[in-house]
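Geometric and topological summary
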Amino acid sequence: METSTAKPKITLAFINDKNSILDLICKDLTISGFEIMFRSETIEDGLSQLTTLKELPRVCVIDLNFYDKQILSQLQKLRLEYPTIKLLSHSDIDNEKVGKALLDIGFFSCLLVGSDIDDFKRVIYKTVNGL
């Protein structure tokens, strides 16, 4: 008797302003079995794409200018409209004030630029599994 032990595919979305590093990360994550549901360059476009989906992504990786107060305001809107999506930031900003603002919005973790595919997978698994 066979039992299915296949784990459900982890679905992801990416909101980032043109970043070739994330292009490679997305490719590697797809090869590793993750499903990229969409990619957008702005939060507004991301919100628009989310409204068309039958099922929401479990995790959204965001790489934008987190110093911009308008971006932070839009992120709060995203969090309020889609509270079940777990948010991860990808950034070169290693600033306590910005980090606190992201945590206050509800981000689970931050991956700094330079993080490799193994770092992404580890953080995504921890985020999805609530560890």
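Residues numbered from 1 in each chain as written. Predicted model: local features only at pLDDT ≥ 70, side-chain atom pairs only at ≥ 80, totals over all residues. Heavy atoms only, no water.

This brings us to the pairing of strand β5 (residues 107–112). Pairing analysis gives 5 bridges linking strand β4 (residues 86–91) to β5, with the strands arranged parallel. Counterpart to Leu88 in the pairing with β5 is Ser109. With helix α4 (residues 96–105) bridging β4 and its parallel neighbour β5, the resulting β-α-β unit is right-handed. (Pairing = 2+ DSSP bridges. Helix = DSSP H or I, 4+ residues; strand = E, 2+ residues; numbered from the N terminus. Right-handed = clockwise from strand over helix to strand, strands pointing away.)

Across its 13 residues, helix α5 (residues 117–129) extends 18 Å between first and last C-alpha, which sits within 8% of the 18 Å expected from 1.5 Å per residue. For α5, every residue scored as buried is listed here: Ile117, Phe120, Val123, Ile124, Thr127 and Val128. Here the buried residues of α5 occupy an arc of 135° about the axis, which is enough to place them on one side. The secondary structure elements touched by the buried residues of α5 are β1 (11–16), α1 (20–31), β3 (59–63), β4 and β5. The distance from a side-chain oxygen at the start of α5 to the backbone nitrogen of Asp118 is 3.1 Å, and the residue carrying that oxygen is Asp116. In the stretch just after α5, Gly130 is the one whose phi turns positive, near 70°. (Expected span 1.5 Å × (residues − 1). Buried < 20%, exposed > 50% of the residue type's maximum accessible area, 1.4 Å probe, protein only. Arc of directions from axis to C-beta. Contact = heavy atoms within 4.5 Å. Polar contact = N/O pair within 3.5 Å; in protein donor to acceptor, adjacent residues only side chain to side chain.)

Right, let's talk about the sheet that holds strand β2 (residues 35–40) for a bit. If you trace the 5 strands from one edge of the open sheet to the other, you get β2-β1-β3-β4-β5, paired in parallel fashion. Every other strand in the sheet has two partners, leaving β2 and β5 as the edge strands with one partner each. Shown here is a sheet whose adjacent strand axes are inclined to one another by a mean of 20°, direction ignored. Sheet analysis places β1 next to β2, joined by 5 bridges and oriented parallel. Within the sheet, the bridge partner assigned to Ala13 lies in β2 and is Phe38. (Axes fitted to C-alpha atoms, helices over the stretch in contact; angles between N-to-C directions.)

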